[in-house]
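# Fold and contact review
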Amino acid sequence: MIKKVLIVDDDQEMLLALKEGMEKYDDTFSVLLAGDGMVAIEKLKRNTISLVVTDLKMPLMDGFSLLAYIMGNY
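Summarised in this report is the structure supplied together with it. Note that the coordinates shown come from a computational prediction; the quantities given were computed from them, not determined experimentally. Residue positions within a chain follow its written sequence, with the count starting from 1. Where local features are concerned, this predicted model is filtered to residues with pLDDT of at least 70; where side-chain atom pairs are given and counted, the filter is 80 or more; whole-chain, interface and lining totals use all residues. To obtain the side-chain values, all non-hydrogen atoms of the structure were included, while hydrogens and water were left out.

## Overview of the overall build of the chain
Basically, it comes down to this: Secondary structure elements are taken from DSSP: a helix is a run of H or I of four residues or more, a strand is a run of E of two residues or more, and numbering for both begins at the N terminus. With C-alpha atoms as the basis for the radius of gyration, the globule rule is written as 2.2 Å multiplied by the number of residues raised to the power 0.38. Any residue under 20% of the maximum accessible area for its type is buried, any over 50% is exposed, and the rest in between are partly exposed; the area is computed with a 1.4 Å probe on protein chains only. When checking whether two residues touch, look at their non-hydrogen atoms; a contact exists if any pair is within 4.5 Å.
What the chain contains, in helices and strands, is 3 helices and 3 strands. For the chain, the α and β elements follow one another from N to C terminus as β-α-β-α-β-α. The globule rule puts the C-alpha radius of gyration for 74 residues at 11 Å, and the 12 Å found for the chain is close to it. C-alpha atoms of the chain, sized along the principal axes, occupy 30 × 25 × 15 Å. Split into buried and exposed, the 74 residues of the chain put 30% on the buried side. In the chain, 66% of the contacts between residues at least 6 apart in sequence involve partners at least 24 apart.

Structure below.
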């Protein structure tokens, strides 16, 4: 079973670099991307996510708020 990893960062170049770096493991997990915490929450609601990797300093919802949401809801 392929696991899903959600990477959250407002730096688009960083998101794409991380996704590209992880493509060699596509037989083990797939990567979902979110540009901020609010988008990440929507992806969490629609997908079963095994791991979340998040930036801490982001607009709209920072990584700390996202982690607090995850802890309270999952």
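## Considering the packing of helix H2 (residues 37-46) against helix H3 (residues 63-73)
Cut-off, in case you're wondering: Axis definition: a line fit to C-alpha positions, over the contact stretch in the case of helices; interaxial angles, taken between N-to-C directions, run 0 to 180 degrees. Should an angle fall under 35 degrees it is taken as roughly parallel, and over 145 as roughly antiparallel, whereas 65 to 115 is taken as roughly perpendicular and any remaining angle as oblique. Crossings are sorted by hand: turned counterclockwise from the far helix by less than a right angle, the near helix makes the crossing left-handed, and turned clockwise it makes it right-handed. Throughout this entry, Asp, Glu, Lys and Arg are counted as charged residues, while Ala, Val, Leu, Ile, Met, Phe, Trp, Tyr, Cys and Pro are counted as nonpolar. The remaining residues, Gly among them, count as polar.
The interhelical angle for the contact between H2 and H3, taken along N-to-C directions, is 25 degrees, at an axis separation of 9 Å. By the angle between their axes, H2 is roughly parallel relative to H3. Relative to H3, the crossing made by H2 is right-handed. Where H2 approaches H3, its residues Gly37, Ala40, Ile41, Leu44 and Lys45 are matched on the opposing element by Leu66, Tyr69 and Ile70. Residue composition of the contact of H2 with H3, grouped by class: 6 nonpolar, 1 polar and 1 charged.

## Overview of the packing of aromatic side chains
The condition that has to hold: Working definition: a ring pair exists when centres of Phe, Tyr or Trp rings (six-membered ring for Trp) sit within 6.5 Å. Plane angles under 30 degrees give stacked, over 60 give edge-to-face, the rest tilted.
According to the stated counting rule, one finds 2 aromatic pairs in the structure shown. Note on Tyr25 and Phe29: the rings are 6.0 Å apart at their centroids and 20 degrees apart in plane angle, and the pair reads as stacked. With relative accessibility at 18%, the residue Phe29 sits in the buried group.

## A look at the pattern of salt bridges
Using the following cut-off: Only one rule defines a salt bridge in this text: a Lys or Arg side-chain nitrogen within 4 Å of an Asp or Glu carboxyl oxygen.
A complete count under the given rule lists 1 salt bridge for this structure. Across the salt bridge formed by Lys45 and Glu42, the nearest N and O atoms sit 3.8 Å from each other. Here Lys45 and its partner Glu42 are both found in helix H2, 3 residues apart, which amounts to about one turn of the helix. The class of Glu42 is partly exposed, set by a relative accessible area of 37%.

Everything listed is a geometric property; what it means functionally is a separate question.
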